[in-house]
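Overview (structure and organization)
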Amino acid sequence: MARTPGTARAQNRAALTADIKATARRHLAEVGAPALSLRAVARDLGMVSSAVYRYFESRDALLTALIVDAFDAVGVAAEKAMEGTPNDVLVRWRAVTTAIRAWALANPHDYALVYGSPVPGYRAPEDTITPAARVSLVMLRILEDGVASQQIDTAPTSRVPRAVHADLARLRDLAAPGVPDEVLSRGLSLWTGLFGAISYELFGHFHRVIDDYDVFFDHQIRRAGTYLVTGPAADARSPA
């Protein structure tokens with residue numbers, strides 16, 4: 001069946017949009033996000049800059065598209081790692097965190113765009129909120145299922161400040177029903193620690209400190225999993 005003109009135009013537009021974003025990603029690797037230029041992207045594609053502006057109205061619009069793609073990609077990596085795993089907190093935690101690190105190592109410039117230094121003058125629009133949440137929702141699902149199956153110890157180990165309690169209550173109402181403050185607090189600490197560890201590795205802060213990144217990461221993830229499930233008291237008793 002012959003394609004209709006509208007379909008052909010849509011396919012051509014999608015293909016050129018993909019080419020623009022691919023070229024922009026290459027520029028991110030070469031010059032960094034602050035120096036990203038629509039004119040330079042157009043020049044590399046052999047286009048006049050006015051043609052690129054028909055696809056992305058500004059540099060910030062192109063940055064937003066790249067950010068959304070990056071957040072979606074790491075979210076997909078985490079979701080796929082979760083698929084087919086048993087309802088075992090430690091198995092899921094290790095699978096998901098390992099997949100996130102693997103994505104970051106394979107896509108360091110995309111990782112830096114969304115988890116590195118903010119781009120001066122750029123303000124992320126609301127379009128980025130849902131994609132950004134995808135990967136975190138996987139973590140919250142691990143917590144929710146772990147609490148429901150009684151794999152995670154929910155006994156409080158410290159008093160949560162009133163202001164933080166309000167924040168955790170909003171998070172619980174939004175995406176983590178049934179997960180108490182104690183577990184949300186532990187989970188968020190480990191989640192931010194995960195991205196800190198990946199950033200330290202990607203940005204060279206472990207140079208001449210750690211030789212085998214794979215082994216060290218797995219060791220840290222296993223220790224973190226123990227803390228997630230049993231809390232600080234049991235983690236302190238676990239062997240080094």
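Remember, predicted model here, so these are calculated numbers, not experimental data.

So, on to the environment of Ser199. Turning to its location among the elements, Ser199 is positioned in helix H9 (residues 181-202). A relative accessible area of 12% means that Ser199 is categorised as buried. Sequence separation between Ser199 and Leu36 is 163 residues, and the spatial gap between their C-alpha atoms is 22 Å. Excluding residues within four positions of it along the chain, Ser199 makes contact with Tyr111, Tyr115 and His205. Looking at Ser199, its side chain comes within polar contact range of the side chain of Tyr111, at 2.8 Å.

This part takes up the nonpolar core. As a rule of thumb, nonpolar side chains are buried together in soluble globular proteins. Residues Leu62, Val96, Ile100, Leu143 and Trp191 are the most contacted members of the largest nonpolar core, which totals 60 residues. Sorting elements by how many residues they give to this core places helix H4 (residues 59-82) first, with 12 residues. Discounting chain neighbours no more than four positions away, the residues touching Leu62 are Ile20, Lys21, Ala24, Leu36, Leu38, Val41 and Phe56.

This part takes up empty space enclosed by the protein. Under the criterion given, the structure shown has one cavity of 30 Å³ or more. If you add up the space inside the largest cavity, you get close to 50 Å³. Taken together, Ala197, Glu201, Phe206, Tyr213, Phe216, Phe217 and Gln220 make up the lining of the largest cavity. The dominant element in the lining of the largest cavity, judged by the number of residues it contributes, is helix H10 (residues 213-230), at four residues.

We now examine the layout of surface pockets. What the largest pocket holds in volume is close to 270 Å³. Taken together, 15 residues line the largest pocket, and the ones lying closest to its centre are Ser136, Leu140, Leu171, Leu188 and Trp191. Counting only elements with at least two residues in the lining of the largest pocket, the list comes to helix H7 (129-148), helix H8 (162-175) and H9. A breakdown of the residues in the lining of the largest pocket according to their chemical character gives 12 nonpolar, three polar and no charged. Estimates place the volume of the second largest pocket at around 220 Å³. Along the walls of the second largest pocket sit Leu28, Gly32, Ala33, Pro34, His109, Ala112, Leu113, Gly116, Ser117, Pro118 and Val119, which together make up its complete lining.

Axis separation between helix H5 (residues 89-106) and H9 bottoms out at 11 Å; the angle between their running directions is 35°. Viewed along their axes, H5 and H9 form a crossing whose handedness is right-handed. Touching Trp93, Val96, Thr97, Ile100, Arg101, Ala104 and Leu105 of H5 are Leu190, Trp191, Leu194, Phe195, Ile198, Glu201 and Leu202, all from H9. Counted by class, the contact of H5 with H9 contains 11 nonpolar, one polar and two charged residues.

Turning next to the confidence of the model for the chain. Looking at the chain as a whole, its pLDDT mean stands at 92, while 94% of the residues score no less than 70. Predicted confidence for residues 235-240 stays below pLDDT 50, and this span has eight contacts to residues more than four positions away or in other chains.

The rules we used
Residues numbered from 1 in each chain as written. Predicted model: local features only at pLDDT ≥ 70, side-chain atom pairs only at ≥ 80, totals over all residues. Heavy atoms only, no water. Helix = DSSP H or I, 4+ residues; strand = E, 2+ residues; numbered from the N terminus. Buried < 20%, exposed > 50% of the residue type's maximum accessible area, 1.4 Å probe, protein only. Contact = heavy atoms within 4.5 Å. Polar contact = N/O pair within 3.5 Å; in protein donor to acceptor, adjacent residues only side chain to side chain. Core = buried A, V, L, I, M, F, W, Y, C linked by side-chain atoms within 4.5 Å. 1 Å grid on protein atoms, 1.4 Å probe; cavity = no way out; pocket = protein on both sides within 12 Å on 5 of 7 lines; lining within 4 Å. Points joined across faces, edges and corners; volume = space filled by probe spheres on them. Nonpolar A, V, L, I, M, F, W, Y, C, P; charged D, E, K, R; others polar. Axes fitted to C-alpha atoms, helices over the stretch in contact; angles between N-to-C directions. Left-handed = near helix turned anticlockwise from the far one by under 90°. pLDDT = per-residue confidence, 0-100.

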